[in-house]
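A closer look at the structure
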Amino acid sequence: MSANDRAGLERLCRYVLRPPFAQERLRLRSDGRVALELKRAWHDGTRELVFELLEFLERLAAMTPRPETNLLICHGVLAPHARWRERVVAYGRVLPEPTALAAPLAAGPHDAGVKPTPRAWTWAALMHRAFAVDVLACPHCGGRLRLIATLHDPAVIRKILAHVGVGASGPSPGPAPPEPGAAAS
């Protein structure tokens, strides 16, 4: 469609502005309820849906997206964090002509200058984002702390806490509850 194609622009506007259902299939019954005729009869023979007026408005409002909601969801290589998205989506930049020396698409995401994107937030970034707390700021000097190790063994954790003078905060929570639907022993 060119910039001066008024007929094409009108077709596009009509398509975008069309209602969720044809107005000819909607009617107000004599008892004050709204009847919506279906395009095709359902397998059980239902040919129309009947709603109370407020119920119909609730269902119609539920189909209306909230403002600033993304209505387009991309999957596969067009997904927002796809590793090969840069190779597929140009965003207005001029792409170099393919040559015989260029790496093929199947070579892998780390080849040809494509930088890998992080797939998960770090713990510190999540704490800062959720609670606005910089957990890596030293409370004494204001310098930056860095992670040295992650401890998982309860015996080692108890020894370190005892050495620093911090006692146990309470009784051990014990084993996790069984999964729902798990066989009882």
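What this report covers is the structure whose coordinates are included nearby.

Parameters at a glance
- Residues numbered from 1 in each chain as written.
- Predicted model: local features only at pLDDT ≥ 70, side-chain atom pairs only at ≥ 80, totals over all residues.
- Heavy atoms only, no water.
- Helix = DSSP H or I, 4+ residues; strand = E, 2+ residues; numbered from the N terminus.
- Buried < 20%, exposed > 50% of the residue type's maximum accessible area, 1.4 Å probe, protein only.
- Areas by Shrake-Rupley, 256 points an atom, 1.4 Å probe, with all protein chains shown as cover.
- Phe/Tyr/Trp six-rings, centres within 6.5 Å; stacked < 30°, edge-to-face > 60°.
- Lys, Arg positive; Asp, Glu negative; His and termini not counted.
- Salt bridge = Lys/Arg side-chain N within 4 Å of Asp/Glu carboxyl O.
- Polar contact = N/O pair within 3.5 Å; in protein donor to acceptor, adjacent residues only side chain to side chain.
- Contact = heavy atoms within 4.5 Å.
- Core = buried A, V, L, I, M, F, W, Y, C linked by side-chain atoms within 4.5 Å.
- Pairing = 2+ DSSP bridges.
- Axes fitted to C-alpha atoms, helices over the stretch in contact; angles between N-to-C directions.

Another aspect to go through is the overall build of the protein. Secondary structure assignment for the protein yields five helices and three strands. N-terminal to C-terminal, the α/β element order of the protein is α-β-β-β-α-α-α-α. Of all 185 residues assigned to the protein, the portion counted as buried reaches 10%. When the accessible surface of the protein is split by element, carbon and sulfur atoms take 61% of a total near 16,900 Å².

The subject of this paragraph is the packing of aromatic side chains. For any pair of aromatic rings, the description rests on two quantities: the centre-to-centre distance and the angle between the ring planes. Counting across every chain of the model gives one aromatic pair. Ring plane angle 40 degrees and centroid distance 6.0 Å describe the contact between F51 and F56, whose orientation is recorded as tilted.

Here the focus is the side chain of R25. Assignment of secondary structure puts R25 in the loop between α1 (6-16) and β1 (26-28). The side chain of R25 sits in the buried core without any salt bridge; E37 is the nearest counter-charge, 6.9 Å away. Among the polar contacts listed, one links the side chain of R25 to the backbone oxygen of E37, at a separation of 2.7 Å. Dropping the residues within four chain positions of it, R25 is found in contact with A35, L36, E37, L38 and K39.

Below, the discussion takes up the nonpolar core. F21, V34, L36, F51 and F56 form the largest nonpolar core, which has five residues in total. Contact partners of L36, with chain neighbours within four places excluded, come to F21, R25, L26, R47, E48 and L49.

In terms of strand pairing, β1 meets strand β2 (residues 34-37) through three bridges, oriented antiparallel. From the neighbouring strand, R27 faces β2, where its bridge partner is A35. The hairpin turn running from β1 into β2, its antiparallel successor, is five residues long, and G32 in that turn takes a positive phi close to 90 degrees.

Counted under the stated rule, the structure contains seven salt bridges. The salt bridge involving R27 is made with E48; its shortest N-O contact spans 3.0 Å. Remark: E48 occurs in strand β3 (residues 48-51) and R27 occurs in strand β1; sequence separation between them is 21 residues. We classify E48 as partly exposed; its relative accessible area is 28%. Connected through shared salt-bridge partners, R27, R29, D31, R33 and E48 make up one network.

Despite not being glycine, A132 has its phi angle at roughly 55 degrees, a positive value. Residue placement: A132 occurs in the loop between α4 (123-131) and α5 (154-164).

Moving on, we get to the sheet that holds β3. Backbone-to-backbone hydrogen bonds pair the strands of a sheet. The strands run either parallel or antiparallel. As summarised here, the arrangement of the three strands in space is β1-β2-β3, forming an open sheet in which the pairing is antiparallel. On the outer flanks of this sheet lie β1 and β3, each paired with one strand and no other. Shown here is a sheet whose adjacent strand axes are inclined to one another by a mean of 20 degrees, direction ignored. Packing of helix α2 (residues 53-62) onto the sheet brings it into contact with β1, β2 and β3, and relative to β3 it is tilted by some 110 degrees.

Our focus in this paragraph is the side chain of R85. Relative to the helices and strands, R85 is located in helix α3 (residues 85-88). Note on R85: relative accessible area 19%, which makes it buried.

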